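# Architecture and fold: a report
Single-letter residue listing:
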Amino acid sequence: MDELKIYNSYSRQKEVFKPITPGHVGMYVCGTTVSGESHLGHARPYITFDVIYRYLMHLGYKVRYVRNITDAGHFEEEGREAEDKISKKAVLEKLEPMELVTKYTNLFHWAMEQFNTLKPSIEPTATGHIVEQIEMIKKIIDAGYAYEVNGSVYFDVKKYAASHDYGKLSGRVLEDLLETTRELDGQEEKRNTADFALWKNASPEHIMRWQSPWGVGFPGWHIECSAMATKYLGAQFDIHGGGMDLLFPHHESEVAQSTICNHSAPVRYWIHNNMITIDGRKMGKSYNNVIKLSELFTGDHPMLAKAYHPMVIRFFILQTHYRSTLDFSNDALQAAEKGLKRLWEAYEKLRAISYKPQDGSVDKELEANCLKLVAEFDEFMNDDFGTARVLANMFELVPFINSMKDNIIPVSAISKETFELLQKQMKVYVEDILGLKSVTEANNEKLKGVMNLLIEIRKEAKDKKDFATSDKIRNQLQQMGILLKDEKDGGMSWTAF
RNA sequence: GGUCCUUUGGCCGAGUGGUUAGGCUCAGCUCUGCAAAAGCUGCUACAGCGGUUCGAAUCCGCUAGGGACCUCCA
């Protein structure tokens, strides 16, 4: 049970992970379209794949993690009005397209930092890889799988499907797609409705435009990922990730394009995270039910009962398996908030405990249980990244840790080796793999000094049974968001939140 | 309409052919000057109906609800 198993969307089953090059992993994750502010739904893939990235590194792999920024416009509704999201928004906000894209890229980076996600190894932009995309399209045309019409280039899906396994990834049958009776304007250029654009001719009012062999235009959406993944990870790479909603047509198209271009299926393991829902419904712009990340952090949204710390969101997401839908609610988020606080405080206590070998002999049952719970961290992660189960085990350890701290259970109830393993693995998992960090913000020295002073005064008051003063200190601090707690050993601790 | 997925206790959510998930909430107790925190205890669920099985919440079928994709989407 020490092999990593990953659920591969392509085969629809869990497979043992074997990288193409031993010791190295190439991972591509579909990034964000920076035509607007990121919302809660966007947080899921980036946190999910951040943990996968961290875990792969923890296993000793050298990982190249590529996550793109989609800053070139693609169709809002293919065929309808060649409408470019970014151009449109730029006009709306009276910004230069690149200005707009930079603004939202910065906001995205800011949010990712709040979530404590590690930066990808390479973060390529679509606009920075127009040349690569054009080259790729040329190759596809040369191979006979794309055709040009009026300055636009389309991929010939029907031809591809005749000799390739089109639709396998998304479970789609071409015949069904061809039968679509849906009425869409501007489809007449295509030979078949299932064909998708590789390059699109730009109308005069279209602001984002580039010169190409087929005239002035802009790239289709799917080609950017194929081009950038190929450039930085090679014709074949290990992992490609993204949201489930990208399975079709985006990822299916990627497979087709890359297969023609590079003569082999591009990806070994496809990983897809499920959606975050709100009232049982996918969160998305078209549903008009999004909560932006900035709103989540400030609480400034009619649906939010309060502000939620980025770490609470991260914890919330990790508490469920990445392939399940996750339903948003204030209750669920507040439960996560309390849970995280409890876990983190226990974790900090554990770090502060030093092992003292003493009289009481080792409690075999406790020792065994402790070892089992810790050993299962690895087991659960190896089983398709079971972060939820890892956290559940940690919570089972929390009462034990708290009891050690309060001396209800002597530290020597477990062996020194086990205690050290517990300390080490908690650190590795809580911080390095799950990427959690302290929710409390007040870590500056001046505050610490002031708090020490207040604690001293309060202790003196308590010794004199001057409870009016001691309560005043505690209550007023609480109003300021600082929680004072009397410890069992007579000391006092505090947390700011 | 087509394809696929899902339905777990007050809420959120793991998981699985036979054993306590876990978190939050709630109630009681211990500790405490009082709190808070912490510890202990209690609340025991798997949509419905059939079937397979010694045994199913877990496998199969049907029914009902919910959802995703089929168009931009994390």
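Data block above holds the structure.
Each value, and the rule that gives it
Residues numbered from 1 in each chain as written. Chains lettered and ligands numbered in written order. Predicted model: local features only at pLDDT ≥ 70, side-chain atom pairs only at ≥ 80, totals over all residues. Heavy atoms only, no water. Core = buried A, V, L, I, M, F, W, Y, C linked by side-chain atoms within 4.5 Å. Buried < 20%, exposed > 50% of the residue type's maximum accessible area, 1.4 Å probe, protein only. Helix = DSSP H or I, 4+ residues; strand = E, 2+ residues; numbered from the N terminus. Domains from an automatic or database assignment. Contact = heavy atoms within 4.5 Å. Pairing = 2+ DSSP bridges. Phe/Tyr/Trp six-rings, centres within 6.5 Å; stacked < 30°, edge-to-face > 60°. Lys NZ or Arg CZ within 6 Å of the ring centre and 35° of its normal.

## Quick word on the nonpolar core
Ranked by size, the top nonpolar core spans 88 residues in total, and within it Leu56 and Met394 carry the most contacts. The element contributing the most residues to this core is helix α1 (residues 40–58), with 10 residues. Counting contributing residues, this core receives three or more from each of domain 1 (5–273) and domain 2 (278–433). Contact partners of Leu56, with chain neighbours within four places excluded, come to Leu4, Phe17, Val25, Met27, Tyr61, Val63 and Ile239. Core analysis: the next-biggest nonpolar cluster, separate from the first, contains 39 residues, Ile140, Tyr166, Ala229 and Cys261 among them.

## Looking at the pairing of strand β15 (residues 482–486)
In this sheet, strand β16 (residues 492–496) lies alongside β15 in antiparallel orientation, the contact comprising five bridges. When the bridges of β16 are listed, Asp486 appears paired with Met492.

## Here we look at the packing of aromatic side chains
According to the stated counting rule, one finds 18 aromatic pairs in the structure shown. Ring centres of Tyr355 and Phe419 lie 5.5 Å apart, and the angle between their planes is 40 degrees; on these two criteria the pair is classed as tilted. One end of the pair, Tyr355, is in the loop between α11 (330–352) and α12 (364–382); the other, Phe419, is in helix α14 (residues 416–433), and 64 residues separate them in sequence. Each of the two residues, Tyr355 as well as Phe419, counts as buried. An aromatic cluster is defined as three or more aromatic residues linked by ring pairs; in this entry it consists of Tyr145, Phe155, Tyr160, Tyr166 and Phe196. Note that Arg191 overlies the ring of Tyr147, its terminal NZ or CZ placed 4.0 Å from the centroid. The aromatic ring of Tyr7 is capped on one face by Arg323, whose charged end is 4.0 Å from the ring centroid.

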